There are 2 protein chains.
Amino acid sequence: MPVRRLGMFLVICAPSGAGKSTLIKKLCAEFPAISFSVSATTRSPRPGERPGIDYHFLSREEFLAWREAGKLAEWAEVHGNFYGTPLTPVRQALADGRDILFDVDVQGAALLRQSLGQEGAYVYILPPSRAELYRRLSGRGTDSPEVVAKRLAAAQAELVQAPLFDYWVENAELDTAYDDLRAVYMAERRRPRCHPDFLRELLAQWEAAV
Amino acid sequence: MPVRRLGMFLVICAPSGAGKSTLIKKLCAEFPAISFSVSATTRSPRPGERPGIDYHFLSREEFLAWREAGKLAEWAEVHGNFYGTPLTPVRQALADGRDILFDVDVQGAALLRQSLGQEGAYVYILPPSRAELYRRLSGRGTDSPEVVAKRLAAAQAELVQAPLFDYWVENAELDTAYDDLRAVYMAERRRPRCHPDFLRELLAQWEAAV
């Protein structure tokens, strides 16, 4: 449609080992128009990280002030550092017709739903079975059996939240799962709210023809 | 998912000339699991039409009794004959995991929403412009200029109802429009309500592993 399009956002959650990162990478490769929101954090920049591009680096006081003022769409504390999503750039991107992908945990997803309303699509990536999840987690070869067991237990706690999501994508086989995730993204771009002027401009062509 | 899946239904509307029939034909060719609901009608069977397969043929009295008893998901009167969708086979098909496509007008879509609740996906196929719709309607070469003008005027009245639908598929170019319609169908099959046992059975694998 040549007329104004509003952006949409996709919130993707999954337990560790479900294949979320691979699916997200494929989606962003096919649709370069999708961008990630830039998070704010109180942790120190790592070598090579650019302020405002990789993260908004804030002091602890600044972060808490932003949070109090309702300027964060979601936030979390991880290992003593705060992370969050500034609301204004998200709203601006959507108004400019850019689509945004949020890669968050289930708590972050719940906070996003509170801040951003009923507009986005919330997708949960499900493993086909516990056995397959275990196989993937231990197959990485990077984690000790204790860490794998911890991730497997965490997955159970995460999965309980899956009913709060709009779509379930089962990742038994990558190509099928990707086709489903791609379908969710494409379908959600066809929501009438993303095309606020189209119908009005189309109907105006009838008025003009009289 | 190997566990029980419930069916979903797709309601597709469009003004005459938007390309609905072609899109539906492509969708049913790619996904043979999609079936049409069998309508009830009071008109006489035409040669070759099989009762219960092409139509449920009812007397006027039977039809009105079904309507009164709330046995029809939607109904309409066209040229003095009644047409309608019996509710029970639809509910049975969905419970059996079969997906159903409804090819109805906007009034039928509104009645379906009333009868079947918030479960299905309601798609409106939009022409890219009035000029293109005119080109397609007159390009068929089968209709007189008067009939084309009538269809064009009817399209305007139909389009006003488009905001009541969940998705808008713009048919400027067939392959793009089909990719969008296909996405809506695939995405809607990933709704949690279509997989009522999956999460429970997945979580049970954790209980069994303890």
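Residues numbered from 1 in each chain as written. Chains lettered and ligands numbered in written order. Predicted model: local features only at pLDDT ≥ 70, side-chain atom pairs only at ≥ 80, totals over all residues. Heavy atoms only, no water.

A. A look at the UniProt feature "binding site: ATP" (unreviewed entry) in chain A. UniProt marks Ala-14, Pro-15, Ser-16, Gly-17, Ala-18, Gly-19, Lys-20 and Ser-21 of chain A with the feature "binding site: ATP" (unreviewed entry), using the numbering shown here. Within the fold, Ser-21 of chain A resides in helix H1 (residues 20–30). (UniProt positions renumbered as here; feature names shortened; annotations may be inferred. Helix = DSSP H or I, 4+ residues; strand = E, 2+ residues; numbered from the N terminus.)

B. Spatial organisation of the sheet that holds strand E6 (residues 81–86) of chain B. All names here are of chain B. With mixed pairing, the four strands of this open sheet are ordered in space as E4-E3-E6-E5. Both edges of this open sheet fall to strand E4 (55–57) and strand E5 (72–78), since each of them pairs with a single strand only. When the angles between neighbouring strand axes are averaged without regard to direction, this sheet yields 25°. The strands touched by helix H3 (residues 87–95) within the sheet are E5 and E6, with E6 carrying the most contacts at an inclination of about 30°. (Pairing = 2+ DSSP bridges. Axes fitted to C-alpha atoms, helices over the stretch in contact; angles between N-to-C directions. Contact = heavy atoms within 4.5 Å.)

C. Expanded view of the relation of the copies chain A and chain B. The transform that puts chain A on chain B rotates by 180° and translates by 0.0 Å along the axis, for an RMSD of 0.0 Å. Both copies are brought into coincidence by an operation consistent with a two-fold rotation axis. In terms of C-alpha distance to the rotation axis, chain A has Ala-183 of chain A as its closest residue, with the C-alpha 2.0 Å off the axis. Looking at chain A, 100% of its interface residues are interface residues in chain B too, so the copies touch through the same face. (Least-squares fit on C-alpha atoms with pLDDT ≥ 70 in both.)

D. Layout of the environment of Phe-165 of chain A. Positionally, Phe-165 of chain A belongs in the loop between helix H6 (145–159) and strand E9 (167–170). Residues Phe-165 of chain A and Val-123 of chain A lie 42 residues apart in sequence; the distance between their C-alpha atoms is 5.8 Å. When sequence neighbours within four positions are dropped, the list of residues in contact with Phe-165 of chain A reads Cys-13, Val-106, Ala-109, Arg-113, Tyr-122, Val-123 and Tyr-124 of chain A together with Pro-192 of chain B.

E. Geometry of helix H3 (residues 87–95) of chain A. Residue and element names in this part refer to chain A. Along H3, the residues that are buried comprise Leu-87, Val-90, Ala-93 and Leu-94. Angular distribution of buried residues about the axis of H3 spans 130°; they occupy a single face of the element. Of the surrounding elements, those touching the buried residues of H3 are strand E1 (9–13), strand E5 (72–78), strand E6 (81–86), strand E7 (99–103) and helix H4 (106–116). Just beyond H3, the residue with positive phi is Gly-97, at close to 85°. (Buried < 20%, exposed > 50% of the residue type's maximum accessible area, 1.4 Å probe, protein only. Arc of directions from axis to C-beta.)

F. Broad picture of the interface of chain A and chain B. Each partner contributes to the interface: chain A provides 40 residues, whereas chain B provides 40 residues. When chain A packs against chain B, the two sides together hide about 3700 Å² of surface, and 66% of this comes from carbon and sulfur. Considering only the side of chain A, the residues that lose the most area to chain B are Trp-168, Arg-190 and Trp-206 of chain A, jointly responsible for 22% of the buried surface there. Counting across the chain A and chain B interface gives four salt bridges. (Buried area = accessible area lost by both parts, 1.4 Å probe. Salt bridge = Lys/Arg side-chain N within 4 Å of Asp/Glu carboxyl O.)

G. Representation of the pattern of salt bridges within the structure. Inspection of every chain in the model, using the stated rule, returns 38 salt bridges over all chains. The partner of Asp-179 of chain B in a salt bridge is Arg-182 of chain A, with the nearest N and O atoms 3.1 Å apart. Here Arg-182 of chain A lies in helix H7 (residues 174–188) and Asp-179 of chain B lies in helix H7 (residues 174–188), a pairing that spans two chains. Residue Arg-182 of chain A is classed as buried on the basis of its relative accessible area, which comes to 15%.

H. Up close: the state of the cysteines. All names here are of chain A. One pass over the structure, following the stated rule, counts zero disulfides over all chains. Residue Cys-13 stays outside any disulfide, its sulfur separated by 15 Å from that of Cys-28, the closest cysteine. Of all cysteine sulfurs in the structure, the one in Cys-28 sits closest to Cys-194, which takes part in no disulfide; the separation is 17 Å. (Disulfide = S-S within 2.5 Å.)

I. Just the layout of surface pockets, in detail. Estimates place the volume of the largest pocket at around 1100 Å³. If you trace the largest pocket, you find 36 residues lining it, with Lys-20, Ser-21, Asp-103, Val-104 and Asp-105 of chain B closest to the centre. Contributing elements (two or more residues each) for the lining of the largest pocket: helix H1 (20–30), E5, E6 and strand E7 (99–103) of chain B. Residues of the lining of the largest pocket, tallied by class, amount to 15 nonpolar, eleven polar and ten charged. A volume near 590 Å³ is recorded for the second largest pocket. As for the second largest pocket, its lining consists of 20 residues, of which Ser-39, Tyr-55, Tyr-83, Asp-103 and Val-104 of chain A are closest to the centre. Elements represented by at least two residues in the lining of the second largest pocket include exactly E5, E6 and E7 of chain A. Element by element, the count of residues in the lining of the second largest pocket is highest for E5 of chain A, at four residues. Residues of the lining of the second largest pocket, tallied by class, amount to eleven nonpolar, five polar and four charged. (1 Å grid on protein atoms, 1.4 Å probe; cavity = no way out; pocket = protein on both sides within 12 Å on 5 of 7 lines; lining within 4 Å. Points joined across faces, edges and corners; volume = space filled by probe spheres on them. Nonpolar A, V, L, I, M, F, W, Y, C, P; charged D, E, K, R; others polar.)

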